[in-house]
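Listed below are the residues making up each chain.
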Amino acid sequence: MRRFASLFTHPAARWVLLALALGFPFVASSEYQVYVMATAFIWAIAVYGLNIITGYCGQLNLAHGGFFAVGAYALAILTSDHGWNFWPAFLAAGLVSAALGAAVGVVSLRLKEHYFAIFTLCVGFIIYLLIDKWEALTHGAIGIRGIAAPDGFGLVDFSQTRPFYYLALGFLVLAIWFAGRLASSLLGRTFMAIRNGDALAQSLGIDLMRNKVLAFVLSTTYAGVAGALYASMIRFIGPEEANPNHTFDMITYLLIGGFGTLFGPLAGTVGVVWITQSLQFLEDYRMVIFGPLIVVLVIFMPRGVVGTFLGWKLRKDAEAARADARPGVDGMSGTEVKPHA
Amino acid sequence: MLKVEKLTKMFGGLAAVHDVSVEFEARKINAIIGPNGAGKSTFFNLISGLRKPTSGRILIDGHDVSRLRCDRVARLGVGRTFQTTHLFEQATVLDNLIVGHRLRTRSGLWDVLINSSRLQREERECREKAREALDFVGLAHLENRVVLDISQEERKRVAFALALATEPKLVLLDEPAAGVNPEETEGLARLIRKMAEHGLTVCLIEHKMDMIMGLADKIMVLNYGEKIAEGTPAEIKANPAVIEAYLGSDHDAAA
Ligand SMILES: Nc1ncnc2c1ncn2[C@@H]1O[C@H](COP(=O)(O)OP(=O)(O)O)[C@@H](O)[C@H]1O
Ligand SMILES: [Mg+2]
């Protein structure tokens, strides 16, 4: 069992996963499936951002969908209303979400726990209202049309589904790569220490505000980049993109995949998006199946699919290492544990 | 080493710590005792900067730290443990300890992006420091165990190691032997003595009188936030005010 489980954590598993993603458009039965997968990848990028502030740093951010919409609108306004080229507008969309994240973070992160969550819920709602009502900037309920697709290089045309799929995949890989590097670095460990408790983290010499704001800005940047990609894929956006429900969708993905794990956001997002797709024929009744499914998952896998799996494996490995260990010398320091072969 | 002058902390109308002045010498083991709610943990929170005093001063090696933020105080060399240990249960012991040395490192976001050599060096240093601290508390053999699977006493030792990884001069231990059996308490007492022998100044809060009397160089007694006595274990045992306070309040504190 443990041997079999090791296949999933083997370094080569990532390459297999990448190969599957690269091959997907060739085995997909329709262009629509490729489109759905590309959408799932974009949401997954945003969920990776949520995972930084909420999964690693432990601050439940309920404005995440708002920052996704900010990225989408920044790109839409710049390309459609101001005639910017895609790539500069894309960069600007990332910067706008980062800057707004810094401003919101500095204020909201003074609050702890559920106060922070409630505050950010309000921020998300304010973003929604601004987008809906500030017609001079956002065109209000009419929305924005004619958003630029990513400019291709040479023969590649990103307004086509398949090339766009690969572009989204490229950004997703980048997002995961950075998240992985962050999580295993001292900076990631610093975030996780904060998740474990403000008081202990501070007493270890960690500057709370500085690190929380950094985690928050990273997360809003991820959200903004994902939003900008989303806008350039569907080419038409409206205030619904800022609906706070999207935040709760992303929290669901993260909850099911596993908070604070590297592959939880991917597993959760892609998994849930496909489950919802395959229950599409039930229309509104799909929640009758999906709702209980989530409840069961949360009860039996409180740390998500990936988190529960990794936790189980970590303990199994530790047990196996202990079974292999030579008898201790004196039980105190100096006892050696033979690494598991 | 640690000098406290007229320290007061009010919570609303309640004086959790009231006008306490005391001095603790370097490389000594100092104990703080008193009934539940006497203000002992609050006293530690003030020294470590987790809470700001209402009035009074705290000097560490002559440095006034009473207005400094907690993380700054930690950098100046104050390490601590809490009454309840908060470790990350789903991670290994070593993974819990690596962040302990973070305050002596400087790598930021940019170092993570480019995987700088500074980051790599500092991560190595943190790992080494964690192992060294774990070895010091006698748990080198547990480094790859998941915290969930280790005993209460081992967790206490891991919490000590985490505090030690910050390279403190002064360590504050809040009820280190709570919830630990008598035999293990002995072992923890030996470990605390070892800390002092290695040049650390130790301050501990403890209810287990046998342990305190055998361990402490100096004892301060708090009652309702006020210092009612200080002295050597022998002096404290004979102090009428202390006997009064203990007999007059909940007796399990004196058990
Ligand atoms: N954050 C706080 N807010 C209000 N009152 C507090 C707070 N922390 C402690 N107190 C009060 O201060 C007094 C001292 O508490 P504490 O320092 O925890 O005592 P001890 O550690 O000696 O048992 C208690 O009456 C407690 O209720
Ligand atoms: Mg206490």
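Everything numeric in this text was worked out from a predicted model, so none of it was measured.

### Observations concerning helix α15 (residues 304–324) of chain A
All names here are of chain A. Relative to the 30 Å expected for 21 residues at 1.5 Å per residue, α15 spans 30 Å between its end C-alpha atoms, a close match to the ideal helical length. Burial in α15 covers these residues: G304, V306, G307, G311, K313, A318, A320 and A321. Each element contacted by the buried residues of α15 is listed here: α1 (2–9), α12 (245–257) and α13 (264–278).

### A short note on the coordination of the magnesium ion (ligand 2)
Residue and element names in this part refer to chain B. At 2.1 to 2.5 Å from the magnesium ion (ligand 2) lie its protein donor atoms, namely S41 (OG) and Q83 (OE1). Of this pair, S41 sits in helix α1 (residues 40–47) while Q83 sits in the loop between β6 (78–80) and α3 (93–97), placing them 42 residues apart in sequence. For S41, a relative accessible area of 23% gives the class partly exposed.

### What to know about the confidence of the model for chain A
Residues of chain A with pLDDT of at least 70 account for 95%, and the chain-wide mean is 88. Within chain A, α1(A) has the poorest average pLDDT of any element, 77, and helix α11 (residues 208–234) of chain A the best, 97.

### Observations regarding the sheet that holds strand β1 (residues 2–11) of chain B
Residue and element names in this part refer to chain B. Strand order in the open sheet made by the four strands is β2-β1-β4-β5, with antiparallel pairing throughout. What marks the edges here is a single partner per strand, and that holds for β2 (14–24) and β5 (63–64). Taken together, the seven bridges between β1 and β2 define a ladder with antiparallel strand orientation. By the bridge assignment for β2, K9 is matched with V17.

### Quick word on the interface of chain B and chain A
Contacts between chain B and chain A engage 46 residues on the former and 34 residues on the latter. For the pairing of chain B and chain A, the buried interface totals around 3400 Å² over both sides, and the portion due to carbon and sulfur atoms is 63%. Across the chain B-chain A interface, the total number found is three salt bridges. Among the ionic pairs, D149(B) bridges to R315(A), the shortest N-O distance being 2.6 Å. The interface formed by chain B and chain A includes seven residue pairs in polar contact (both at pLDDT 80 or more).

### Quick word on the sheet that holds β6(B)
All names here are of chain B. In spatial order, the strands read β6-β7-β8-β3-β9-β10; together these six strands make up an open sheet with mixed pairing. Bordering the open sheet on either side are β6 and β10 (226–231), each of which pairs with just one other strand. Here the strands of the sheet are splayed against their neighbours by 20° on average, with no regard to which way each runs. By the bridge criterion, four bridges tie strand β3 (residues 29–33) to strand β8 (residues 201–205) in an arrangement that is parallel. For N30, the partnering residue across the bridge sits in β8 and is C203. Contacts between α1 and the sheet are confined to β3, β6, β7 (170–174), β8 and β9 (218–223), with β7 contributing the most and set at about 150° to the helix.

The rules behind these values
Residues numbered from 1 in each chain as written. Chains lettered and ligands numbered in written order. Predicted model: local features only at pLDDT ≥ 70, side-chain atom pairs only at ≥ 80, totals over all residues. Heavy atoms only, no water. Helix = DSSP H or I, 4+ residues; strand = E, 2+ residues; numbered from the N terminus. Expected span 1.5 Å × (residues − 1). Buried < 20%, exposed > 50% of the residue type's maximum accessible area, 1.4 Å probe, protein only. Contact = heavy atoms within 4.5 Å. Donors = N, O, S within 2.8 Å, 3.2 Å for Na, K, Ca; no water. pLDDT = per-residue confidence, 0-100. Pairing = 2+ DSSP bridges. Buried area = accessible area lost by both parts, 1.4 Å probe. Salt bridge = Lys/Arg side-chain N within 4 Å of Asp/Glu carboxyl O. Polar contact = N/O pair within 3.5 Å; in protein donor to acceptor, adjacent residues only side chain to side chain. Axes fitted to C-alpha atoms, helices over the stretch in contact; angles between N-to-C directions.

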